[in-house]
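Chain by chain, the residues:
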Amino acid sequence: MKFTSLLAMILLAAGINSAAAQDLVLAVNEGVTYQDGGPASERYKPLLQLLSKELKQNIKLQSVDKYSVFEKGLAEGKFDLAFIHPAHVGLLAVKKNGYEGLVTAKGFTDYRARVLVASTSPFKSMQDLRGKKIGVPSVESITTVMFTANLRELNFPQPEKLFTATRYQDAVPFMIENGFVEAGVTGSAGVAKAWVAKGGRILAETKPMPIKQFLASKKLSESDREKLKSLLLNLSENEAGRNALSKIGMTGFVPWNAQVMDEAAARLGL
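Residues numbered from 1 in each chain as written. Predicted model: local features only at pLDDT ≥ 70, side-chain atom pairs only at ≥ 80, totals over all residues. Heavy atoms only, no water.

Going by what an unreviewed UniProt entry lists, the chain is known as Phosphate/phosphite/phosphonate ABC transporter substrate-binding protein and is assigned to Herminiimonas aquatilis.

Trainee: Sorry, what's going on with the nonpolar core here?
Mentor: One recurring pattern in soluble globular proteins: nonpolar side chains tend to sit buried together. Grouped together as the largest cluster of nonpolar side chains are 28 residues, with contacts concentrated most on Leu26, Leu51, Phe83, Phe214 and Leu232. At the level of elements, β1 (24-29), α3 (45-55), β3 (81-84), β4 (99-105), β10 (213-217), α9 (222-233) and α10 (239-247) are the ones that each hand at least two residues to this core. For this core, the element with the most residues is α3, which contributes five residues. For Phe83, the residues in contact, after removing those within four places along its chain, are Leu26, Ala27, Val28, Asn29, Tyr44, Phe70, Lys212, Gln213, Phe214, Ile248, Met250 and Phe253. (Core = buried A, V, L, I, M, F, W, Y, C linked by side-chain atoms within 4.5 Å. Buried < 20%, exposed > 50% of the residue type's maximum accessible area, 1.4 Å probe, protein only. Helix = DSSP H or I, 4+ residues; strand = E, 2+ residues; numbered from the N terminus. Contact = heavy atoms within 4.5 Å.)

Trainee: I tried to follow the sheet that holds strand β5 (residues 114-117) on my own but got confused; where do I start?
Mentor: By way of backbone hydrogen bonds, the strands of a sheet pair with one another, either parallel or antiparallel. Here five strands make up an open sheet; going across it, the order is β7-β6-β8-β5-β9 and the pairing mixed. Pairing within the sheet leaves two strands with one partner each, and these edge strands are β7 (163-165) and β9 (201-205). Within this sheet the neighbouring strands show an average axis-to-axis angle of 30 degrees, counted without direction. Judged from the three bridges that link them, β5 and strand β8 (residues 183-186) form a sheet pairing that is antiparallel. Bridged to Val115 within β8 is Val185. (Pairing = 2+ DSSP bridges. Axes fitted to C-alpha atoms, helices over the stretch in contact; angles between N-to-C directions.)

Trainee: Hey, could you run me through the environment of Leu220 in this one?
Mentor: Checked against the element boundaries, Leu220 lands in the loop between β10 and α9. A residue is classified by how much of its surface remains accessible, and Leu220, at 8% relative accessible area, is buried. In contact with Leu220, not counting residues within four places along its chain, are Leu24, Asp80, Leu81, Arg225 and Leu228.

Trainee: I tried to follow the pattern of salt bridges on my own but got confused; where do I start?
Mentor: For the structure shown, the criterion picks out twelve salt bridges. Two residues, Arg43 and Glu30, come together in a salt bridge whose shortest N-O distance is 2.7 Å. Highlighted residues: Arg43 in helix α2 (residues 40-43) and Glu30 in the loop between β1 and α2, separated in sequence by 13 residues. For Arg43, a relative accessible area of 11% translates into the label buried. Where Glu160 meets Arg152, a salt bridge forms, and the shortest distance between an N and an O atom there is 2.4 Å. (Salt bridge = Lys/Arg side-chain N within 4 Å of Asp/Glu carboxyl O.)

Trainee: Would you mind showing me how to read α9 here?
Mentor: Count 3.6 residues to each turn of an α-helix, and residues three or four apart come out pointing the same way. Here α9 contains twelve residues, and its C-alpha end-to-end distance of 16 Å stays within 8% of the 16 Å for a straight helix at 1.5 Å per residue. Buried residues of α9: Asp224, Arg225, Leu228, Leu231 and Leu232, and no others. Each buried residue of α9 lies within a common arc of 125 degrees when the element is viewed along its axis, so the set occupies one face. Packing partners of the buried residues in α9 comprise α3, β3, β4, β10 and β11 (253-255). (Expected span 1.5 Å × (residues − 1). Arc of directions from axis to C-beta.)

Below is the structure:
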């Protein structure tokens, strides 16, 4: 009797572990230089429910704040799905780590770094930034990565040595106004618009690229990846989908453009 009970317990435990092992992981990073809108576990719940229903498999959320941790997790294939703000991390995963780019966020396909200067600044082009102090968001943010790549194209030696980093995008104008830096960089259209409205100037912009990418590991079947792609592209067409999108601050998704993404990867030196 004792042996039977023990065997039953072992089988039950094995069943539980097997079920847990079948859970898929959606890793999320929403950027390091923007304030979020509350706990990701709550905001992503409606989307997780839709994704799980589509694949007939439970999907759990893993919020990953540090880009280095996200990059390592992708390189090691720890995540089945990923929704990631920093384009350079996502593009690297698609190029080298066995992930497929499914879709990108609508409204974020034209993301660019803008260089802000005071109205009285003598600077006329990015070339004038040589040897100057430049305020940037976190050095690992996609905004700063794009700007750095642009400076390298202009043959700036070790451009990172010019940077003074701040935690959030909206702190960059403060740095310029108070003389901490001679120019500042933001990827936020809102911050740039407010700067111009106050009389500031936009000195230059980097070439645009899409950010906020939704990736799937190629360990998932092609059929499942196609199901996910279709679901994501059609979220804005139904009430449940629109609710899921609104919770995470999105309006929808657009198809992955391989040519544009390959060009962006090359520009960033990936």
